[in-house]
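# Residue-level structural notes
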Amino acid sequence: MINSPDYKKQQEIKKELFKCDERDLITLIINKKDLIEEYINLSENELINKLENHPVNKLINIIMENFEVNDLINNLENSDINPIIKENFPYPHPRELQLETISKIYNAIEKGYKYIILETVSGFGKSLISATLSNIYSEGKSYVLTTTNQLINQYLNDFKDSGITKINPRSNFECKNIGGKKCSAYLCKYTKCRYFNYSDFAIDFDQTLSCNYLFNVKEGLKSDSVICSYDYFLQENFYHSNYFEPRKLLICDEGHNIDDKVSKNISLKFTRNQLKDELKIKLKREYKTIIQTEDYYYFILKYKMKYESLLEKKKKGSTNYILYNKRLEDIEKFLMYFDRSNYNLIFEVDNYKNWIFRPVKINKMINNALLNSGEVCIFMSSSIFDYENFAYDLGISEDEIYSLRVPNTFDLSDNPIKLFDEFDMSGNPLESGMAKKSLRTIKQILKKHANEKGVIHTTNYDAANYIEENIDNCRLMTHN
């Protein structure tokens, strides 16, 4: 390095460079390319193509070997955080790189990027990023989607003062019209339930006179930031809903699950009762034929024609007519995205004996099912790895994507993994006696870390209870 500082200063600068995204490192080299003889005569595009093939380590070495120390220090010190990030960050003390990461995403949004892919290590604080961006764009509002109720509740607990609101699925509510049954899109919305009145949706109404589910949706949508599961949002958005209007942000947590979630939730499902009682299908014979021919498109068309025939025999306005008509609409909507080539359809039977047809690739339907709900779509995950393939699977143009990979700043030397290979924990360690043998090692670990907190993970509650019952230590706490 020109005018090299002492070794300690070099290491400090190198550590700061490792915090930078690849794009930032490439930009830094491009801005100073006249300092590097082999790059002087290259155009910016030529240089980008060349540098994009380099790993981060090599980019940092190029910078360290060719740039003036003072220039590097100035570049690093002048990467200020936009004040709007600090103002909307929900906690007083951010961890390393959190504000910088949010600032880069904010800048990408302001530059007009439609899709942003963020890859970070687990524990970095993706929920903090969601909360901060939702606060910044509260006027345009946001949807936050995640995979499980556990993650939803974590958001609600961590950011209970930020105004984020959960919208629960229909299955959480009992139908007022039919006692003992859960709210159902087909029975409530399409059969004109007296409590389920969309015409009153834009008006404040008495909860006692309205459907519990619809009231939950109406109240939830008043919030600037709504959180719910992928399963609920996709099913409602694709087949039922006319009230999830597009918002400024669509934040997709655990984004690596999107293709599977879309495929599962826009799938076309026929229940056993529908097949036997409505369509008069002989199940065993039909199933055998489907498996042998694998012409899934043909069978969907067949069921579509059967519903068309059923409609002709039912009185318009009757409950059965309304339900059959809705099922026909669902089939027609599903078929919009397929053709007779049949290459993109698979068939499966679930535990409840429902017959399910679903897509392999979701790029044709993902806009209507999901992406149109956000002016800006942010995908967050710890395991996307290859954003080009991720974009390809979703049918997104790479030109519309800003990808950001946050480097791992955890000191791995402080977090060693130690293996104890004397315990064979396969099968049932409680019955084999292996669990009993492991108690001594667990006690030794507890003693060694007497003044520290820790977590003991087990594969089931029996194992957890066994440890608590057989180790007399007041530090042990469990849950149900």
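The coordinates are above.
Structure report, in brief. All values reported here derive from a predicted model rather than from experimental measurement.

## Some words on the nonpolar core
- Core analysis: the largest hydrophobic core is formed by 72 residues, its most contacted members being I258, F270, Y303, F357, L370 and F379.
- Ranked by residue count, the leading element in this core is helix 16 (residues 296-313), at eight residues.
- Those residues in contact with I258 that sit more than four places away from it in its chain are Y230, C252, I366, L370, F379, F390 and L394.
- Listed in part, the 33 residues of the second largest apolar core include F89, I116, L118 and I164.

## Observations concerning the environment of I26
- Along the chain, the position of I26 falls in helix 2 (residues 22-31).
- By relative accessible area, I26 is classed as buried at 10%.
- For I26 and N149, which are 123 residues apart along the polypeptide, the C-alpha to C-alpha distance reads 40 Å.

## Description of the sheet that holds strand 6 (residues 268-270)
- Strand order in the open sheet made by the three strands is 6-8-7, with antiparallel pairing throughout. With partners counted over all chains shown, the strands left at the sheet margins are strand 6 and strand 7 (345-349), one partner each. Neighbour to neighbour, the strand axes of the sheet diverge by 15° on average, direction disregarded.
- As judged from the three bridges shared by strand 6 and strand 8 (residues 355-359), these two strands associate in the antiparallel manner. Each residue of the ladder has a partner; that of K269, found in strand 8, is I356.

## Some details on the pattern of salt bridges
- Under the counting rule described, the total for this entry stands at twelve salt bridges.
- In this structure, E219 engages K222 in a salt bridge whose closest nitrogen and oxygen atoms are separated by 3.0 Å.
- Look at E219 and you get partly exposed, because its relative accessible area is 33%.
- Several salt bridges share partner residues, and in doing so they unite D231, K261 and K264 into one network.

Procedures and definitions
Residues numbered from 1 in each chain as written. Predicted model: local features only at pLDDT ≥ 70, side-chain atom pairs only at ≥ 80, totals over all residues. Heavy atoms only, no water. Core = buried A, V, L, I, M, F, W, Y, C linked by side-chain atoms within 4.5 Å. Buried < 20%, exposed > 50% of the residue type's maximum accessible area, 1.4 Å probe, protein only. Helix = DSSP H or I, 4+ residues; strand = E, 2+ residues; numbered from the N terminus. Contact = heavy atoms within 4.5 Å. Pairing = 2+ DSSP bridges. Axes fitted to C-alpha atoms, helices over the stretch in contact; angles between N-to-C directions. Salt bridge = Lys/Arg side-chain N within 4 Å of Asp/Glu carboxyl O.

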